[in-house]
Number of protein chains: 2
Amino acid sequence: MNARPLRLSTTSPDFEAELSRRLHWSAETDAQVEQVVADILADVRVRGDEAVLEYTQKFDGLAVASVSGLELEQRELKNAYHGLPVQQREALQAAATRVRAYHVAQKRATGESWSYRDEMGTLLGQKVTPLDRVGIYVPGGKAAYPSSVLMNAIPAQVAGVEEIIMVVPTPRGERNQLVLAAAHVSGVSRAFTIGGAQAVGALAYGTKTIAKVDKITGPGNAYVASAKRRVFGAVGIDMIAGPSEILVLADGTTPPDWVAMDLFSQAEHDELAQSILLCPDAAYIEQVQQAIDRLLADMPRAEIIARSLNGRGALIHTRSMQEACDISNRIAPEHLEIASDDPHLWEPHLRHAGAIFLGRFTSESLGDYCAGPNHVLPTSGTARFSSPLGVYDFQKRSSLIEVSEAGALALGQIASVLAHGEGLQAHARAAEMRMKR
Amino acid sequence: MNARPLRLSTTSPDFEAELSRRLHWSAETDAQVEQVVADILADVRVRGDEAVLEYTQKFDGLAVASVSGLELEQRELKNAYHGLPVQQREALQAAATRVRAYHVAQKRATGESWSYRDEMGTLLGQKVTPLDRVGIYVPGGKAAYPSSVLMNAIPAQVAGVEEIIMVVPTPRGERNQLVLAAAHVSGVSRAFTIGGAQAVGALAYGTKTIAKVDKITGPGNAYVASAKRRVFGAVGIDMIAGPSEILVLADGTTPPDWVAMDLFSQAEHDELAQSILLCPDAAYIEQVQQAIDRLLADMPRAEIIARSLNGRGALIHTRSMQEACDISNRIAPEHLEIASDDPHLWEPHLRHAGAIFLGRFTSESLGDYCAGPNHVLPTSGTARFSSPLGVYDFQKRSSLIEVSEAGALALGQIASVLAHGEGLQAHARAAEMRMKR
């Protein structure tokens, strides 16, 4: 088996076009998926629990008499945790502790209420409050990632969300013990073994057994993504994720094997995942390709890795590190590694990325599991305008205004003039009435 | 003309059902609008400037030879500002100054980069950066509000966005001088007299003349709203706004005329706007109704006010202020006035609202124009999970991680165990390789 990422050079006259072709990924949704999802959502909205039961029997082969029969009790989550091999249990706990510490720092830095009084004694500010109740979607089957449970539930918990409802499909009753254990350590309040559009519908509209939530986060397949798009507005949602991506900026000082393995670690997710290396040193790029050739055979997921690297990977020779930074900004990757012995030299030039991994010791996989920052990140170039999942996604803000008597006089004059200018006389009168005292 | 908001009492057995009926508002979109918008967007995407020109001629009756002919020069914005009556010019400038001061405070409180090092020397944090380029949609015609220009452009400017592109339709060439002047005082970089789905398409995809933006904000009609939904993902968008709403919590200490005028000031926007009063004092509710009866005839927009209050308004008699707070939390209004002489007694009980106006002097209209906080607020109950437009909407965050050599050893052990547990061996190997030095 061979893995040969596309070789590009920025000096080639076709470079721009070739890069665009390689980056192209279409989020077009399948019309048939859309129709199935619309029908399921409408049905869950009307028939509630009954519909959820029927779809769960149909798609997951679970036959129970009521939705409460699909609820996982706290005891089951706890037992899953205590039933893990000690090494896994400790690793899960250690990861949860670090993720929590990071998000606590995030909340302290950017998620607290604030206010001030102006020179006329008018109070202005914002009060920050947690969402009341959120739903977390966790995929079942082969892509069941306990780390995703931590990354979705812990920021909600740190934000102060009172009720965190997890849904996870368990086709044919197969439960992933690590996922259940992760729910136990990350503050999940209730958990149901349901999935697909029917789970999204239950969370968005509420049923007799499952309370309506305010926001739904977490990854899922095309049906789940389509359902989340459709319920947006009735509830909040997080970003709809595209294929995962890594971009490595290398100045040639990191062992080529390490970089090759970092490219693999993205590629092994999925054949649509994208791994790109940008480097001004042609000989180093060759060494990375040799490392790929040498290391591939040993990887249990070699076939997926090869398909991903051959279909979507690229090794790009740039004129300079500065040019590599410019291209990275154009791509706005989900994960961006600066494989350099002077990463702080380049970091200020990098404006668009979900997460930036500085220096040779910072493999993306450390960030995926336990460094602390969230691993739910903007994909497909959306890092140009969006951010990692965070405590702020589980909070909302209300502006606070308390105009003093003196303030009402001064502000009333301004508001009155502008309101008349917009032809809104009741606005003007409401301001003017406060000026007469 | 009569304006008789629905009278409800929380002691009525039908209260819940009646309130639900009154609150009901459907965001269903018209299939024909959807199709027209999809066609225009696809056309603008392919034909760029040419399509924008054709639609602008067709819908706005503007015939020019090129899209540059639709650009408003900075000089024109400046002239509009200097051509205003002095009172308007000063009011606009004063409002801009206050709005800017508030958003600068907001950025300082919640929008700065942060980081820390853990006990092993690993750096963790987030870098906050402005979006590169944003588009601001400003409606033309009768709903042309210069205050909306300030409220959209100033937070972008404070965030540090380098290029702010305003689009505003000018049907038959009619330009609103206050809108142009507002663009001048709020840091708009470029302005085009285009509107509708074609303007949204031009901003989202870019044309030869108009650069692709990273995010589009600002209100618009059904075509604009539909276009924004469709381009979401290619670019960021703000919330899609429903009809405007005010909810007044009154303990009977604010002059009834003031409260009546505040209800009017919401109702005068639009017959779908919603004005609700919650009050435990039946006699006071009667006084507010009498004030409505007395004040209505004098209002230039009396007809719209009456239609709004009769169709969607409500005066609700509650058992207590506490119950009024509970109902307000259920409604999660866009604007929430606490018309009380002790507003700070009730404010902590109010969890869901776009903006909270405390005390008798704080009319919503002061907040709409010049108190400082943003007037773009979540509607239709979305304050349960979303926030006022702010500096944060024009920033995005990138996580920063720099793992130290000691950190790589400790974190590598955790990551390796969890990655093997998820069946992702390349993730495990990438972590393990960093543990060997």
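Cut-offs used in this document
Residues numbered from 1 in each chain as written. Chains lettered and ligands numbered in written order. Predicted model: local features only at pLDDT ≥ 70, side-chain atom pairs only at ≥ 80, totals over all residues. Heavy atoms only, no water. UniProt positions renumbered as here; feature names shortened; annotations may be inferred. Domains from an automatic or database assignment. Least-squares fit on C-alpha atoms with pLDDT ≥ 70 in both. Contact = heavy atoms within 4.5 Å. Polar contact = N/O pair within 3.5 Å; in protein donor to acceptor, adjacent residues only side chain to side chain. Helix = DSSP H or I, 4+ residues; strand = E, 2+ residues; numbered from the N terminus. Pairing = 2+ DSSP bridges. Axes fitted to C-alpha atoms, helices over the stretch in contact; angles between N-to-C directions. Buried < 20%, exposed > 50% of the residue type's maximum accessible area, 1.4 Å probe, protein only. Arc of directions from axis to C-beta. Buried area = accessible area lost by both parts, 1.4 Å probe. Salt bridge = Lys/Arg side-chain N within 4 Å of Asp/Glu carboxyl O.

- Per an unreviewed UniProt entry, chain A is named Histidinol dehydrogenase, and its organism is Caenimonas koreensis DSM 17982.
- What UniProt records for chain A under Pathway (unreviewed entry) is the sentence "Amino-acid biosynthesis; L-histidine biosynthesis; L-histidine from 5-phospho-alpha-D-ribose 1-diphosphate: step 9/9."

1. Digging into the domain arrangement of chain A
- Per the domain assignment, the segments of chain A are domain 1 (6-26 + 243-371), domain 2 (31-237) and domain 3 (403-433).
- Computed from C-alpha atoms alone, the centre-to-centre distance between domain 2 of chain A and domain 3 of chain A is 45 Å.

2. Overview of the relation of the copies chain A and chain B
- Mapping chain A onto chain B calls for a rotation angle of 180° and an axial translation of 0.0 Å; the resulting RMSD is 0.0 Å. Expressed as an axis order, the relation between the two copies is that of a two-fold axis. For chain A, the minimum C-alpha distance to the rotation axis belongs to A:Thr110 and amounts to 2.1 Å.
- Interface overlap between copies is the fraction of interface residues in one copy that are interface residues in the other; for chain A against chain B it reaches 100%, indicating a shared surface.

3. Considering the UniProt feature "binding site: substrate" (unreviewed entry) in chain A
Residues and elements named next belong to chain A.
- Per the UniProt annotation, the sites labelled "binding site: substrate" (unreviewed entry) are Ser244, Gln266, His269, His335, Asp368, Glu422 and His427. The named residues occupy 184 residues along the chain; their greatest pairwise C-alpha distance, 56.2 Å, places them well apart from one another.
- Polar side-chain contacts of Ser244 include one of 2.3 Å to the side chain of Gln266.
- With respect to the secondary-structure elements, Gln266 resides in helix α10 (residues 256-267).

4. A word on the sheet that holds strand β3 (residues 114-117) of chain B
- Ordered by their spatial adjacency, nine strands build an open sheet running β1(A)-β12(A)-β11(A)-β10(A)-β13(A)-β14(A)-β15(B)-β4(B)-β3(B), and the pairing between neighbours is mixed. Two strands close off the open sheet at either side, each with one partner strand: β1 (6-9) of chain A together with β3 of chain B. With strand direction ignored, the average angle separating the axes of adjacent strands in the sheet is 20°.
- Pairing between strand β11 (residues 274-279) of chain A and strand β12 (residues 314-317) of chain A: four bridges, direction parallel. Its bridge partner being in β12(A), A:Cys279 is matched across the sheet by A:His317.
- Running over the sheet, helix α1 (residues 15-23) of chain A touches β1, β11 and β12 of chain A and is turned about 145° from β1(A).

5. Regarding α1(A)
Residue and element names in this part refer to chain A.
- For α1, the complete set of buried residues consists of Phe15, Leu19 and Arg22. One face of α1 carries all of its buried residues, which in axial projection span an arc of 65°.
- Residues of α1 that are buried make contact with β1, β11, α12 (302-312), β12 and α13 (321-331).

6. Digging into the sheet that holds strand β1 (residues 6-9) of chain B
- Pairing in this open sheet of nine strands is mixed, and the strands run β3(A)-β4(A)-β15(A)-β14(B)-β13(B)-β10(B)-β11(B)-β12(B)-β1(B) from one edge to the other. The sheet terminates laterally at β3 (114-117) of chain A together with β1 of chain B, the two strands that pair on one side only. In this sheet, neighbouring strand axes are inclined to one another by 20° on average, regardless of whether the strands run parallel or antiparallel.
- With four bridges connecting them, β1(B) and strand β12 (residues 314-317) of chain B associate as parallel partners. Its bridge partner lying in β12(B), B:Arg7 is registered against B:Leu315.

7. Looking at the interface of chain A and chain B
- Taken residue by residue, the interface counts 119 residues in chain A and 120 residues in chain B.
- Overall, the association of chain A and chain B removes approximately 10,400 Å² of surface from exposure, summing both partners, and the carbon and sulfur fraction of that is 62%.
- Taken together, chain A and chain B are joined by twelve salt bridges.
- Ionic pairing is found between A:Asp132 and B:Arg351, a salt bridge with its closest N-O pair at 2.9 Å.
- Taken together, the links from chain A to chain B amount to 63 residue pairs in polar contact (both at pLDDT 80 or more).
- A per-element tally of the side of chain A that touches chain B places helix α5 (residues 86-110) of chain A first, with 13 residues.

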